[in-house]
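Examination of the molecular architecture
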Amino acid sequence: MTARTHYSARNLLASARSGHADWAPAWTDAEPKARYDAVIVGGGGHGLATAYYLAKNHGVANIAVLEAGWIGGGNTGRNTTIVRSNYLYPESARLYEHSLRLYEGLSKELNFNIMLSQRGVLTLAHSRHDMDAQSRWANAMRCNGIDAELLDARQVRELEPRLNFGGPTQPARYPILGGFIQRRGGSARHDAVAWGYARAASALGVDIVQNCEVTGFTTSQGRVTGVDVRHQGRVGHIQADKVALAVAGHSSVLAAKAGLSLPVTSYALQAMVTEPVKPVLNTVTMSPALGAYWSQSDKGEVVIGGALDHFPSYAQRGNFDVMQQVVAATCEMLPSLGRLRLLRQWAGIVDVVHDSSPIIGPTPVPGLYLNCGWGTGGFKAIPVGGWTLAHALATGRAHELAEPFQLERFHTGRLIDEAGAAGIAH
Amino acid sequence: MMQLQCPWCGDRPQREFDCGGTTGIARPPLDCDDETWSRYLFIRDNPKGPHAERWRHTFGCGQWFNVQRDTVTHRVTAVFGITERAPEPAPGPTADPATKGEPS
């Protein structure tokens with residue numbers, strides 16, 4: 001009996017006869033080989049997506065993804081699962097919109113339900129200044145061909161009636177004057193994105209190697225020729241024609257081992273969830289002014305994202321200072337959630353660059369490629385990060401979408417400052 | 001919450017401070033080339049471990065000072081004046097295994 005690999009209603013019914021005992025494992029946990037055409041460091045969403053598109057779009061057969069821990073255990077498992085493309089500048093709009101469009105077809109593409117829910121991303125305006133800034137923002141999006149609607153207070157209330165609009169005698173502390181919504185934004189299941197890409201990449205022959213930490217690089221005449229690794233406690237070496245880094249907050253640490261300094265600072269970004277409740281929130285709601293945003297998971301937990309700890313950090317844990325601000329903002333904006341208990345809080349280490357835009361492409365070190373700088377918003381960019389890094393690996397040149405997002409921009413001064421649209425103050 | 005020792009006010013909660021990033025970065029001559037200037041403006045070591053950095057006691061005395069802090073454990077190993085040089089990092093392991101955080 002051959003194991004079933006394709007997920008479909010037909011196979012589900014057929015497999016029921018055997019008590020679902022004939023399903024193949026979703027992906028193979030590989031032992032590393034001695035040599036690969038391309039080694040991708042980092043088994044998060046970006047690394048796995050890169051491997052998948054490198055195999056699928058470019059026909060590269062001999063690929064490994066090396067993950068120091070377990071796949072999807074870093075920032076891919078620590079984000080708040082929001083997808084959107086509501087950025088300000090044309091370069092960013094093209095990049096993030098390509099990502100959202102890939103997300104829209106991803107469940108079918110990967111034959112794996114990533115549970116995309118386009119429930120809308122609503123941004124709140126608390127002042128006249130917010131209204132003006134958001135008019136500019138939404139209009140810029142529409143100029144770039146991306147859906148955005150400006151809303152007045154009544155429309156926001158129809159979307160999210162539980163927000164605090166104040167009462168007749170007691171005005172709200174943070175009045176809601178309006179806002180804007182990208183209706184195609186929403187959330188997707190973060191683990192499913194990692195597992196879906198891992199499964200699809202594995203099916204195309206990609207080796208996914210866990211517990212395999214890259215400890216250094218070997219070079220020949222300045223060109224990267226391989227990586228030193230510690231795999232399940234054993235020291236080893238893997239030869240590679242090309243090496244790509246997709247390691248988010250640890251980009252500086254790994255790049256330094258290859259003699260490369262980056263315009264990146266690592267910070268802890270914190271998130272938390274409440275105990276699960278019946279549906280109370282319809283959209284993803286953001287209050288940039290208060291530094292907090294809310295959505296409800298399919299399990300019913302209210303997922304709350306907050307600001308960065310504003311000092312360099314590699315500690316994968318949050319700080320009570322930010323946590324208190326986030327909880328205070330939640331109680332103020334959604335008073336009916338005030339009695340909920342927090343189940344968990346955690347942090348991921350994010351790679352912030354000065355213009356809040358990514359770096360995707362070749363580096364000054366021949367053979368070494370980079371995908372970093374997504375900062376507080378890497379999850380939404382997983383498909384396009386993988387798509388464009390795979391192109392760079394296959395061709396040696398930056399993908400057309402990623403051309404504005406090269407390391408040179410820090411020399412030329414052509415920065416793409418998306419701090420305002422990044423959603424999280426930094 | 002992390003506590004920082006302001007040289008003038010003593011131990012205070014981190015909320016009272018603002019971090020000014022890596023300290024001791026010398027500005028190159030204004031007629032330097034673009035690469036040197038971008039290095040000065042943007043490129044940072046961003047170490048995982050001891051980091052010499054500027055802090056300001058914004059909601060206190062308002063003074064700037066320097067701190068040597070581990071970016072994994074947040075342990076502060078030295079506090080020194082804003083014009084002073086960072087002390088040599090202490091030998092031995094940089095990260096405290098007990099608070100090292102999950103594998104990354």
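Notes on the overall build of chain B
Secondary structure summary: chain B contains one helix and six strands in total. Contacts in chain B between residues at least 24 apart in sequence constitute 42% of all its contacts with a sequence separation of at least 6. For chain B, the exposed surface amounts to about 6,300 Å²; the carbon and sulfur share of it is 49%.

Structural notes on unusual backbone geometry
Residue and element names in this part refer to chain A. Phi at Met115 takes a positive value of approximately 55°, unusual for a residue other than glycine. The topology assignment puts Met115 in the loop between α4 (106-110) and β4 (121-125). Residue classification places Met115 among the partly exposed positions, given a relative accessible area of 36%. A positive phi angle is found at Asn211, which is not glycine, with a value near 50°. Inspection of the secondary structure assignment puts Asn211 in the loop between β8 (207-209) and β9 (212-220). Residue Asn211 is classed as partly exposed on the basis of its relative accessible area of 40%.

Looking at the packing of helix α2 (residues 45-58) of chain A against helix α10 (residues 382-395) of chain A
All names here are of chain A. The geometry of α2 relative to α10 is characterised by a closest axis approach of 7 Å and an angle of 55° between their N-to-C directions. Regarding the angle of α2 to α10, the classification is oblique. With respect to the hand of their crossing, α2 and α10 are arranged in right-handed fashion. Each of Gly45, His46, Ala49, Thr50, Tyr53, Leu54, Asn57 and His58 in α2 lies in contact with α10, whose residues at this interface are Ile382, Pro383, Gly385, Gly386, Trp387, Leu389, Ala390, His391, Leu393 and Ala394. For the contact of α2 with α10, the class distribution of residues is ten nonpolar, eight polar and no charged.

Overview of the nonpolar core
Residue and element names in this part refer to chain A. Counting residues in each nonpolar core, the largest one holds 51 residues, and the members touching the most others are Leu48, Tyr53, Ile63, Tyr103, Tyr197 and Val206. Among the secondary structure elements, those contributing two or more residues to this core are β1 (35-41), α2, β2 (63-66), α3 (90-104), α4, α7 (190-203) and α10. Apart from the residues within four sequence positions on either side, Tyr53 is in contact with His58, Leu102, Leu106, Tyr197, Pro383, Gly386, Trp387 and Ala390. Core analysis: the second largest hydrophobic core is formed by 33 residues, Ala30, Ala64, Leu254 and Leu260 among them.

Thresholds applied
Residues numbered from 1 in each chain as written. Chains lettered and ligands numbered in written order. Predicted model: local features only at pLDDT ≥ 70, side-chain atom pairs only at ≥ 80, totals over all residues. Heavy atoms only, no water. Helix = DSSP H or I, 4+ residues; strand = E, 2+ residues; numbered from the N terminus. Contact = heavy atoms within 4.5 Å. Areas by Shrake-Rupley, 256 points an atom, 1.4 Å probe, with all protein chains shown as cover. Buried < 20%, exposed > 50% of the residue type's maximum accessible area, 1.4 Å probe, protein only. Axes fitted to C-alpha atoms, helices over the stretch in contact; angles between N-to-C directions. Parallel < 35°, antiparallel > 145°, perpendicular 65-115°, else oblique. Left-handed = near helix turned anticlockwise from the far one by under 90°. Nonpolar A, V, L, I, M, F, W, Y, C, P; charged D, E, K, R; others polar. Core = buried A, V, L, I, M, F, W, Y, C linked by side-chain atoms within 4.5 Å.

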